[in-house]
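Remarks on the overall topology
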Amino acid sequence: MLEAQGLYVALRGRPVLRGLDFAARPGEVTGLIGPNGAGKTTLLRVLAGLLTPAAGTVLLGGRPMAHCHPRERARRLAYLPQERTVHWALAARAVVALGRLPYQPLGAGESREDARAIASALEAMDVAHLADRPVHEMSGGERARVLLARALAQEPQALLADEPAAGLDPAHQLILFRRLAALAADGRTVVAALHDLSLAARFCHKVVLVHAGRAAAAGTPEEVLQVEHLAAVYGVRGRYATLDGVPVVLASDLLP
Amino acid sequence: MSAAARARRLGPARLLAVLGAAAVGAFALSLAVGPAGIGIDAGGEARSLILTEIRLPRALLGALVGGSLGLSGAALQGYLRNPLAEPSLVGISGGAALGAVLAIHLGLSQALALALPAGGLAGAALAMIAVVALAGAHGGPLTLILAGLAVSSIATALIALALNLARNPFASVEMVFWMMGSLADRSLAQLWLSAPLMLAGMGLLLTVGRTLDALTLGEDAAQSLGLDLARARLLVVAGTALSVGAATAVTGIIGFVGLIVPHVLRPFAHHRPGLLLPASLLGGAVMLLLADVALRLLQPVVELRIGVLSALIGAPFFVWLVFKTRSELAP
Amino acid sequence: MRRPGVGWLRGPAAAVALLLLAAAAVPAAAAAQGQARPGRIVSLDLCTDQLLVELVERGRIAAVTHLAADPAVSAIPEMARGISITRGVAEDVLRYDPDLVLAGPFGVSATVDLLRRLGRNVVVVPLPSELSGIAAAVRTVAAAVGEPAKGEAMLARFERRLAQLGPPAEPRPTAVIYQIGGSVSGPGSLADAALAAAGFRNMVAAYRLTRGGQVPLEVLIARPPDLLVLSSAPDEYRTVLADNLRHPALAALRARRPSLELPWRHWLCGTPRIADAIERLAEARAALQAHRQ
């Protein structure tokens, strides 16, 4: 549902993506993994339509992204950036309400549709009881849930998340990724960039390993998170294992 | 629930209605007060002359200029995500004053009256561009203030130079007018000249509310919500240049209105930058009109300029604001 | 109105008194100054410029300020044209090697101190704010430049002109001198003295002014004087401060009431030339009073 072919992107003169191909299907959580600086965030921004590649195409539901009007795109695709700053002391509900902007013509207030979508997004992320609380007064985990609720309020078919669980406690990591998995199960296309290889192994149906601007490997977590790939891309000795029925990726040592 | 907390529960429509009523009241008060206190100390023809040619322009100018300053302050703060942004602090008012001074002393405004606010407009726009170039698109709050300081210092120096070179015997007194501002003895003609530009600028600024709301989440998120950031930047620059440029060309630099009004009203606007725009427009009008009334009531005791009054209130407020947000201000 | 006190010096008594004075003055002056007639005089103030140029021949004037030849502010620009100009800093003054420096009381005190410390003869002439002070100023300058007779003659002419005006009829009309930026002829100023000498009552006292000497246009419109005196044309100076002179309300006032344009040069300095201003004002006053009858 979300595809990219032959993406070339250069930032500040340095090439970041060099001929990268990508595909994500509805009903699946697709994980983007790779070392720091590999180009994961850049790839997500291109897929979200925020960055125009120098070469290559992005297709959303079969249609080229370039032909999609930004507001139309915003109704079909939600992007959750890595940056979790909320610049003003808005209440949670007001933050989630921002997700309805693509549906509101200029000068219009909140419609009943909007109110319903906001309420259900708050419910889905279990933050309805925090609706009137300023976001600044929340814990990291609560804030992450509110921001994901904002993306849900857009009622998108595709959801792109950049490190959605970074810096969260283990409980919130599980909560967040379980929710993403549930969203995928509902028929949406979910793409998430992440560093935690165990989380990727556990929750992603498919994983794309990005290295030096290309897709070094793509497939199921078990296929991609092999010893050779971990050594070649991360420079670590590691392996894929199962513990208590849950997949785990362990990096035991640095390679010389 | 305390009165303050209850006030914060005001819905947007109620908030704007209250502010609107306050603005109308302040306007009426400004018409009623003169150098001799409340009322007009004359009869017949002199009375109507005073009311229509002196008090009315002063009140209208106070409302429009106050509105422009309040609104542009809120727009800059929302767009730059920086609670310290304000037209005079960021050097825009200084640039506008320089443009106006050049228009006068190069004889352009003698040839074409519109050259005066146009000069202010051009100066304001150039100052904005200079500040953004200096501070960089992603400069932190302190970097922006420093860049604004640089631009206003240059503007002030060039104004002094221009006044000197023009062999103006009134150079030092005129300098005080530009630096400290004045609403006194302005005429309807000047109002007709600047009002359309101020209204146009304010109109442009009022359209960026949604984008400012979305920018709460950062540029990427705002863009992903389908909003055009480049267009918003253009609207903010054009709107500020038009409104602040035309205002400063007629009244000189009046500082701190755009800093205080959005900050005070922010809790009442539920911290939403979009709602803060019309609220700050009305709040700015109220603040400037009331300050002007206070000025006239104080006249028998002490002779003050409007810019001095706004600085006396605004500068300590600014210092307090810096302390309050000190922890968040690491550049 | 008080006249400068030279009235009693008339007739033979005057001639004898003058001779005795001269006889006493020359050695006294010579003993005090070392020379009775300085030959390289520098003036640092517009008002002393004007007195100097009228009392002393060109050859003895080393330099005056740039204002002396400016027709906007000087009553005798043509007489000052061609004389060297000094900007008033001590180093510039010294290049003329003056044996006398005339200065006004404002603005150049640091320069005056420096010149005195360097051993130059500096005479500071007080700025009169009343007509009676003009005599003292003229006499101070005349004595310093060694032309006491010319000074007395100048004062005598001044006296005659004032005497010719005659006493004003009652009730005296009101007037205000209204300038750029709303400044007006405050009580106790030279402008105020000129108005009084011409037979007007200065309206400014009735306005209950604040410090700063400015009157809001509204006050002027609400209680206008019988005669509005303007010291410059609305477009004469390119400054935003002149906006009050271009204000439609002022134009409306001028359309309905008498006004007079009296340029600065006539009344800016406390020299006998102020009689020009007083005569014009008196003319206007007489016309007003005639119109009333």
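Preceding block: the structure.
Further remarks concern unusual backbone geometry. The phi dihedral of A:A212 is positive, around 50°, even though this residue is not glycine. Turning to its location among the elements, A:A212 is positioned in the loop between β9 (206-211) and β10 (214-219). Judged by the 15 C-beta atoms lying within 10 Å of it, A:A212 is partly exposed. A positive phi angle, near 55°, is found at B:D185, a position not held by glycine. Among the structural elements, B:D185 can be located in the loop between α8 (171-180) and α9 (188-206).

A common way to express how large an interface is: the accessible area buried when the components associate. Facing the 18 residues of chain B at the interface are 21 residues of chain A. Counting residues per element, the ones that place at least two in the side of chain B that touches chain A are α10 (209-215) and α11 (219-224) of chain B. Broken down by element, the residue count for the side of chain B that touches chain A peaks at 4 residues, all from α11(B).

All right, on to the packing of helix α2 (residues 12-32) of chain B against helix α14 (residues 273-298) of chain B then. Residues and elements named next belong to chain B. In contact at an axis separation of 9 Å, α2 and α14 are set at 20° when each is read in the N-to-C sense. The angle between α2 and α14 falls in the class roughly parallel. For the element pair α2 and α14, the recorded crossing hand is left-handed. Packed against α2, whose contacting residues are P12, L15, L16, L19, G20, A22, A23, A26, F27, L29 and S30, the element α14 presents L275, P278, A279, L282, G283, A285, V286, L289, L290, D292 and V293 at the interface.

Once that is clear, we can look at the environment of B:A230. Of note, B:A230 is situated in helix α12 (residues 229-251). Considering only alpha carbons, one finds B:A230 and B:S88, 142 residues apart in sequence, at a separation of 24 Å.

The next point concerns the environment of A:E222. Along the polypeptide, A:E222 turns up in helix α8 (residues 221-224). With 27 residues separating them along the chain, A:E222 and A:V249 place their C-alpha atoms 9.7 Å apart.

The next subject is the sheet that holds strand β1 (residues 2-11) of chain A. Residues and elements named next belong to chain A. With antiparallel pairing, the 4 strands of this open sheet are ordered in space as β2-β1-β4-β5. Of all strands in the sheet, those with a lone pairing partner are β2 (14-24) and β5 (63-64), marking the two edges. On the sheet, helix α1 (residues 40-47) packs against β1, β2 and β4 (55-60) and is oriented at approximately 120° with respect to β1.

For the pair helix α3 (residues 44-80) of chain B and helix α11 (residues 248-256) of chain C, the least separation of the axes is 9 Å and the interaxial angle reads 150°. One element, α3(B), and the other, α11(C), form an angle in the roughly antiparallel class. Note on element contacts: α11(C) touches α3(B) through C:P248, C:A249 and C:A252, opposite B:L49, B:E53 and B:I54.

Right, let's talk about the nonpolar core for a bit. Counting residues in each nonpolar core, the largest one holds 286 residues, and the members touching the most others are A:L160, C:L52, C:V141 and C:A194. For this core, the element with the most residues is α3(B), which contributes 16 residues. In terms of domain composition, this core takes at least three residues from each of domain 1 (37-162) and domain 2 (174-292) of chain C. Beyond its immediate stretch of four places on either side in the chain, C:V141 contacts C:T48, C:L51, C:L52, C:L55, C:L102 and C:V125.

All names here are of chain B. Where α8 is concerned, the buried positions are E174, F177, W178 and M179. The inward-facing, buried residues of α8 contact α4 (92-105), α7 (141-165) and α15 (306-324). Following α8 by one or two positions, G181 has its phi on the positive side, about 70°.

Residues and elements named next belong to chain A. Ordered by their spatial adjacency, 6 strands build an open sheet running β6-β7-β8-β3-β9-β10, and the pairing between neighbours is mixed. In the strand order of this sheet, the two ends are held by β6 (77-80) and β10, each with one partner. Within the sheet, the average angular offset between the axes of one strand and its neighbour, ignoring direction, is 15°.

Cut-offs applied
- Residues numbered from 1 in each chain as written.
- Chains lettered and ligands numbered in written order.
- Predicted model: local features only at pLDDT ≥ 70, side-chain atom pairs only at ≥ 80, totals over all residues.
- Helix = DSSP H or I, 4+ residues; strand = E, 2+ residues; numbered from the N terminus.
- Buried ≥ 20, exposed ≤ 12 C-beta atoms within 10 Å, placed from the backbone.
- Contact = placed C-beta atoms within 7 Å.
- Axes fitted to C-alpha atoms, helices over the stretch in contact; angles between N-to-C directions.
- Parallel < 35°, antiparallel > 145°, perpendicular 65-115°, else oblique.
- Left-handed = near helix turned anticlockwise from the far one by under 90°.
- Pairing = 2+ DSSP bridges.
- Core = buried A, V, L, I, M, F, W, Y, C linked by C-beta atoms within 7 Å.
- Domains from an automatic or database assignment.

Nothing here speaks to function; it is all geometry.
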